[in-house]
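Spelled out, the chains give:
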Amino acid sequence: MATTGQERIIQPRVSDIRKILDEQSNGASSLLAVLEDIQHQYRFLPRDALIMVSERIPVPLSQVYSVATFYNAFSLKPRGRHCFQVCTGTACHVRGATQVITRLETLLGIETGETSDDLEYTLETVNCLGACALGPIVVTDQGYDGMMTISKVDKMVRRVHSLGSENADAGKPAQVDAAATDAVPPA
Ligand code: FES
């Protein structure tokens, strides 16, 4: 699996992963808790961290990946500080989800499924959220926005962007210089 530029920026520190493992690792039953902590710290699950988890717990790496890919809360790719999730269920689709996606792609400068280079924004689609009457729906870190129109999308992005400017460092994932001495070496 190739390492992306964003993954190179967010190199996990051996010491950070060890700390999580020291606090949470307690056999195979602790796998979920360990992955949750790593996801929380990096906003994704770095491959090298998963290898450390597999060796330490210990469970086969295939089992670690199986859990990591089963739950939507986990991501194997770096994610932005702000995530926009557009529902593409049937009702939202009929009510204009495609136009909402197109507008978000334009405003954020990324395609669906991508994260911006500065790790600020991720744009994703999700299946029916069970609130079809409010479609089309977009979920952000601030909650649900329903009955979305192009102008509402514009306002939502401005709101999220201004929030980001106010808390520029607050939600940054753990990032280290790739040359840091205890960065996990690429496998
Ligand atoms: S289709 Fe979007 S909430 Fe049901």
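Model, not experiment: these values are computed from the prediction.

A. Broad picture of the overall build of the chain. A tally of helices and strands in the chain yields eight helices and four strands. Secondary structure elements of the chain, listed N to C terminal, follow the sequence α-α-α-α-α-β-α-α-β-β-β-α. Scored against the burial criterion, the 187 residues of the chain give a buried share of 29%.

B. Representation of the pairing of strand β1 (residues 82-87) in the model. Of the pairings in the sheet, the one linking β1 to strand β2 (residues 121-126) comprises six bridges and is parallel in character. Looking at the pairing, H82 lines up with Y121 of β2. Two elements, β1 and strand β3 (residues 138-140), share two bridges in a ladder whose sense is antiparallel. Paired with Q85 across the two strands is V139, which belongs to β3.

C. Region of interest: the sheet that holds β1. Overall, mixed pairing links the four strands, which are arranged β2-β1-β3-β4 in an open sheet. With one partner strand each, in any of the chains shown, β2 and β4 (143-145) form the two edges of the open sheet. Sheet twist, expressed as the average angle between the axes of neighbouring strands with direction ignored, equals 25°. Lying over the sheet, helix α7 (residues 97-108) contacts β1, β2 and β3, oriented at roughly 160° with respect to β1.

D. Spotlight on the packing of helix α3 (residues 31-42) against helix α5 (residues 61-70). Here α3 crosses α5 at 60°, and the two axes come no closer than 11 Å. Judged by the sense of rotation from one axis to the other, the crossing of α3 with α5 is right-handed. In contact with L31, L32 and L35 of α3, α5 contributes V64, V67 and A68. Considered class by class, the residues forming the contact of α3 with α5 number six nonpolar, no polar and no charged.

E. Fine view of the environment of R47. Mapped onto the secondary structure, R47 falls in helix α4 (residues 47-56). When the C-alpha atoms of R47 and P12 are compared, they prove to be 9.2 Å apart, with 35 residues separating the residues in sequence.

F. Broad picture of the environment of H161. With respect to the helices, strands and loops of the structure, H161 is situated in helix α8 (residues 150-166). Through-space distance from the C-alpha of H161 to that of Y121 is 9.4 Å; in sequence the pair is 40 residues apart.

G. Geometry of the environment of V100. Mapped onto the secondary structure, V100 falls in helix α7. Given 26 C-beta atoms within a 10 Å radius, V100 is considered buried. Put simply, V100 and M148 are 48 residues apart on the chain and 7.2 Å apart in space, counted from C-alpha to C-alpha. Setting aside residues no more than four positions away along its own chain, V100 makes contact with V86, P136, V138, M148 and V153.

H. A look at the packing of helix α2 (residues 14-24) against α3. α3 packs onto α2 with a crossing angle of 145° between their chain directions and a minimal axis gap of 9 Å. Considering the relative orientation of α2 and α3, their crossing is right-handed. Residues D16, I17, I20, L21 and Q24 of α2 lie in contact with α3, whose contacting residues are A33, V34, D37, I38 and Q41. Of the residues assigned to the contact of α2 with α3, the class counts are six nonpolar, two polar and two charged.

Scoring rules and cut-offs
Residues numbered from 1 in each chain as written. Predicted model: local features only at pLDDT ≥ 70, side-chain atom pairs only at ≥ 80, totals over all residues. Helix = DSSP H or I, 4+ residues; strand = E, 2+ residues; numbered from the N terminus. Buried ≥ 20, exposed ≤ 12 C-beta atoms within 10 Å, placed from the backbone. Pairing = 2+ DSSP bridges. Axes fitted to C-alpha atoms, helices over the stretch in contact; angles between N-to-C directions. Contact = placed C-beta atoms within 7 Å. Left-handed = near helix turned anticlockwise from the far one by under 90°. Nonpolar A, V, L, I, M, F, W, Y, C, P; charged D, E, K, R; others polar.

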